[in-house]
Amino acid sequence: MEKQNKAPAVNMKQVEKIITGYKGQKWALIPLAQEIQEKIGYIPPEAIPRIAGSLGLFPSQVQGVVSFYSQLYTHPRGRNIVSVCRGTACHVRGGKSILKLVKQHLGVDEGQTTEDMEYTLETVACLGVCALAPNMMINKDTHGNLNPKKISRIFGRNKKE
Ligand code: FES
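Each chain carries its own residue numbering, running from 1 in the direction its sequence is written. Where totals are concerned, whole chains, interfaces and linings use all residues; where local detail is concerned, this predicted model gives features only for residues with pLDDT of at least 70, and gives and counts side-chain atom pairs only at 80 or more.

Colleague: Give me the overall build of the protein: which residues, what numbers.
Modeller: Looking only at helices and strands, one finds seven helices and four strands in the protein. In terms of overall dimensions, the protein has C-alpha extents of about 55 × 35 × 25 Å along its principal axes. Buried residues are those with 20 or more other C-beta atoms within 10 Å of their own C-beta, exposed residues have 12 or fewer, and partly exposed residues lie in between; C-beta atoms are placed from the backbone. When each of the 161 residues of the protein is scored for burial, the buried share is 24%. Considering only contacts within the protein whose residues lie at least 6 apart along the sequence, 64% involve residues at least 24 apart. Segments assigned H or I by DSSP are reported as helices when at least four residues long, segments assigned E as strands when at least two residues long, and all are numbered from the N terminus. The contact criterion used here is simple: two residues whose C-beta atoms, placed from the backbone, lie within 7 Å are in contact.

Colleague: Tell me about the environment of Tyr-69, and please be specific about residues and values.
Modeller: Secondary-structure assignment places Tyr-69 in the loop between helix 4 (59–68) and strand 1 (80–85). Expressed as a C-alpha distance, the spacing of Tyr-69 and Gln-112, which sit 43 residues apart in the sequence, is 19 Å.

Colleague: Describe the domain arrangement of the protein, with residues and values.
Modeller: Start and end positions for the domains come from either an automated domain assignment or a database one. Considered domain by domain, the protein is made up of domain 1 (12–68) and domain 2 (80–158). Using C-alpha coordinates to define each centre, domain 1 is positioned 32 Å away from domain 2.

Colleague: Outline the packing of helix 1 (residues 12–20) against helix 3 (residues 47–55), listing residues and values.
Modeller: Contact geometry for helix 1 and helix 3: axes closest at 10 Å, N-to-C directions at 25 degrees. For the element pair helix 1 / helix 3, the angle class is roughly parallel. Regarding helix 1 and helix 3, the two cross each other, and that crossing is right-handed. Of the residues in helix 3, those touching helix 1 at Val-15, Glu-16, Ile-19 and Thr-20 are Ala-47, Arg-50, Ile-51 and Ser-54. The residue classification treats Ala, Val, Leu, Ile, Met, Phe, Trp, Tyr, Cys and Pro as nonpolar and Asp, Glu, Lys and Arg as charged. All others, Gly included, are polar. Partitioned by chemical class, the residues of the contact of helix 1 with helix 3 number four nonpolar, two polar and two charged. Between N-to-C directions, angles cover 0 to 180 degrees, with each direction set by a line fitted to C-alpha atoms, over the stretch in contact for helices. The scheme is simple: roughly parallel for angles under 35 degrees, roughly antiparallel for over 145, roughly perpendicular for 65 to 115, oblique for anything else. Crossings are sorted by hand: turned counterclockwise from the far helix by less than a right angle, the near helix makes the crossing left-handed, and turned clockwise it makes it right-handed.

Colleague: Would you mind going over the sheet that holds strand 2 (residues 119–124) in detail, with residue names and values included?
Modeller: When DSSP finds two or more bridges between a pair of strands, those strands are recorded as paired. Strand order across the open sheet formed by four strands is 2-1-3-4, with mixed pairing between neighbours. Single-partner strands in this sheet number two, and they are strand 2 and strand 4 (141–143). The mean inter-strand angle of the sheet, taken between neighbouring strand axes irrespective of direction, is 25 degrees. Where strand 1 lies against strand 3 (residues 136–138), three bridges are found, and the strand directions are antiparallel. For Ser-83, the partnering residue across the bridge sits in strand 3 and is Met-137.

Colleague: I'd like a description of the environment of Ile-30, backed by residues and values.
Modeller: By the secondary structure assignment, Ile-30 is in helix 2 (residues 29–40). Taking the C-alpha atoms as reference, Ile-30 lies 9.3 Å from Tyr-69; in sequence the two are 39 residues apart.

Colleague: How would you sum up the nonpolar core? Please name residues and give values.
Modeller: The nonpolar core criterion groups buried Ala, Val, Leu, Ile, Met, Phe, Trp, Tyr and Cys residues into a set whenever they are joined through C-beta atoms within 7 Å. Counting 16 residues, the largest nonpolar core has Val-82, Val-84, Ile-98, Val-102, Leu-121 and Met-136 as the members making the most contacts within it. Considering every element that reaches this core, the biggest residue donor is helix 6 (residues 95–106), with four residues. If we ignore the near neighbours within four places in the chain, the residues touching Val-102 are Val-82, Val-84, Leu-121, Met-136 and Ile-151. Formed by 11 residues, the second largest nonpolar core is a distinct cluster that contains Ala-33, Ile-36, Ile-40 and Ile-43.

Colleague: Please give an account of helix 6 that cites residues and values.
Modeller: Here helix 6 spans 16 Å end to end across 12 residues, near enough to the 16 Å set by a 1.5 Å rise per residue. Residues Gly-95, Ile-98, Leu-99, Val-102 and Leu-106 constitute the buried set of helix 6. The buried residues of helix 6 all sit within an arc of 100 degrees when viewed along its axis, so they share a single face. Where helix 6 terminates, the next one or two residues include Gly-107, which has phi positive at roughly 75 degrees. Helix span is expected to be 1.5 Å times the residue number reduced by one. Arc, as used here, means the arc of the directions from the helix axis to the C-beta atoms.

And the structure:
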């Protein structure tokens, strides 16, 4: 189950401004959703009926599209995205323990965000750098050959006390 944390209030004026820019353009649902996500970080639920009304769609259609695309998020995510690899190469080299350690360090489960909105923890099928297994990414940085010491160093260093 997804853990939801308190996110900063959404600037709906900003969202409305983006929506207005696409008025009546049914084809533009995805670019519109992407632009909102770019500015706000996710698609706030309260934006769904507004988007639908402006484009001339049903809210259920907008919700359906937004839920379908895994790159569109309907809840706030952390400032940093931690993606632990659960691919085969990483798995056989201790990926499961690495994931467990990361969970302990962050105090969240897969798909969850830390209370301070600093980290969202996700898992991915393969990061494409199997030779360095076990691996994880934090945003765009790959961390390979992971072990408990490295995990402590990474999160000890990154974590705000
Ligand atoms: S299986 Fe982990 S990077 Fe490929």
